[in-house]
Amino acid sequence: MILSCRDVTVEFDAKRVVDHISFDVEEGEYVCIVGENGSGKSTLLKSILGLVSLKYGSVTFGSQISRKRFGYLPQQNHIQKDFPASVYEVVLSGCLNRCGLRPFYSKSEKQLALAHMKRLSISDLKKCSYSTLSGGQQQRVLLARALCATDKLLLLDEPVTGLDPLVTTELYQLIQQLNDELGVTIIMVSHDIATAAKYADKILHMNQTLLFYGDTPSYISTNLGKTFIKGS
């Protein structure tokens, strides 16, 4: 077990956004959190990250992970897209938590950043300004940055939003490759239920409360799965 959520409940302005959700994630699994807009998907992810406070419940990590040693790829906003730094600087910043009290990056951390850039086919963009890249290139940079923070757990919030279909497919395939080849546990929020079901080991479908959590074949066979995949 790498993550255990028990009765996770979040409220904003006395409105319940996430309502008593419980589930476990095993090391190496690829889990997609799906649901309609406003169903609380991103809030659930942020509660795992500790970015929002819980009204009730608990989030517990296995002994092999801590909040400081997992990678997070948030939804991008306009400020992030215009960030004035080179690709290499953005990727390398994923090693910050590894530095501890050191005011500099070590040789091994620099090598790690370069290795993940090569893995994600962005080495040739090393000196480019992040703000000049296409949306798909920026997501690859942020994914490389997230990998610098962890070799255990990646949390991705709608990573393909705003990308064209070809780039979307490439990014989904890349994420699956990271899961298969590196054994990195993936927890991804997605609005595209049909595509999520194509790649993920497990589906967590929610609408404030938990509607389904289990393996993808079981989800596809349920009325809930059939309804939403057909409508995607």
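Just above, that's the structure.
Here the structure is a predicted model, which means the values were calculated and not measured. (Residues numbered from 1 in each chain as written. Predicted model: local features only at pLDDT ≥ 70, side-chain atom pairs only at ≥ 80, totals over all residues. Heavy atoms only, no water.)

K.L.:
Give a description of the packing of aromatic side chains that names residues and reports values.
P.N.:
This model, assessed by the stated rule, comprises four aromatic pairs. Ring plane angle 5° and centroid distance 5.4 Å describe the contact between Y172 and Y199, whose orientation is recorded as stacked. Of this pair, Y172 sits in helix α7 (residues 165-182) while Y199 sits in helix α8 (residues 193-199), placing them 27 residues apart in sequence. Residues Y172 and Y199 agree in their burial class; the two are buried. Positioned over the ring face of Y88 is K126, at 4.8 Å from the centre of the ring. (Phe/Tyr/Trp six-rings, centres within 6.5 Å; stacked < 30°, edge-to-face > 60°. Helix = DSSP H or I, 4+ residues; strand = E, 2+ residues; numbered from the N terminus. Buried < 20%, exposed > 50% of the residue type's maximum accessible area, 1.4 Å probe, protein only. Lys NZ or Arg CZ within 6 Å of the ring centre and 35° of its normal.)

K.L.:
Break down the nonpolar core for me, with residues and values.
P.N.:
By size, the foremost hydrophobic cluster in this structure holds 44 residues, and its most contacted members are Y30, V91, I122, L143 and L154. Only β3 (30-34), α3 (87-92), α5 (107-119), α6 (135-149), β6 (153-157), α7, β7 (185-189) and α8 provide two or more residues apiece to this core. For this core, the element with the highest residue contribution is α6, accounting for seven residues. Ignoring any residue separated from it by four or fewer positions in sequence, one finds L154 in contact with G71, L143, A146, L147, L178, V184, T185, I186 and I187. Ranked by size, the runner-up nonpolar core spans 27 residues in total, among them I2, I33, L45 and I65. (Core = buried A, V, L, I, M, F, W, Y, C linked by side-chain atoms within 4.5 Å. Contact = heavy atoms within 4.5 Å.)

K.L.:
I'd love a proper account of the sheet that holds strand β2 (residues 15-25), names of residues and values included.
P.N.:
The strand order across the open sheet formed by three strands is β2-β1-β4, and the pairing between neighbours is antiparallel. In this open sheet, the two edge strands, each paired with only one partner strand, are β2 and β4 (56-61). Taking the axes of each pair of neighbouring strands and ignoring which way they run, one obtains an average angle of 20° across the sheet. In terms of strand pairing, strand β1 (residues 3-12) meets β2 through seven bridges, oriented antiparallel. By the bridge assignment for β2, C5 is matched with F23. Contacts from helix α1 (residues 41-49) reach β1, β2 and β4, with the element oriented near 120° to β1. (Pairing = 2+ DSSP bridges. Axes fitted to C-alpha atoms, helices over the stretch in contact; angles between N-to-C directions.)

K.L.:
Summarise the sheet that holds strand β5 (residues 71-73); cite the residues concerned and give the values.
P.N.:
One open sheet holds the six strands; their spatial order is β5-β6-β7-β3-β8-β9, and the pairing between them is mixed. On the outer flanks of this sheet lie β5 and β9 (209-215), each paired with one strand and no other. Across the sheet, the mean angle separating the axes of adjacent strands is 15° when strand polarity is ignored. Running at roughly 160° to β5, α6 makes contact with β5 and β6 of the sheet. Against the sheet, α7 makes contact with β3, β6 and β7, and its axis sits at roughly 150° relative to β7, the strand it touches most.

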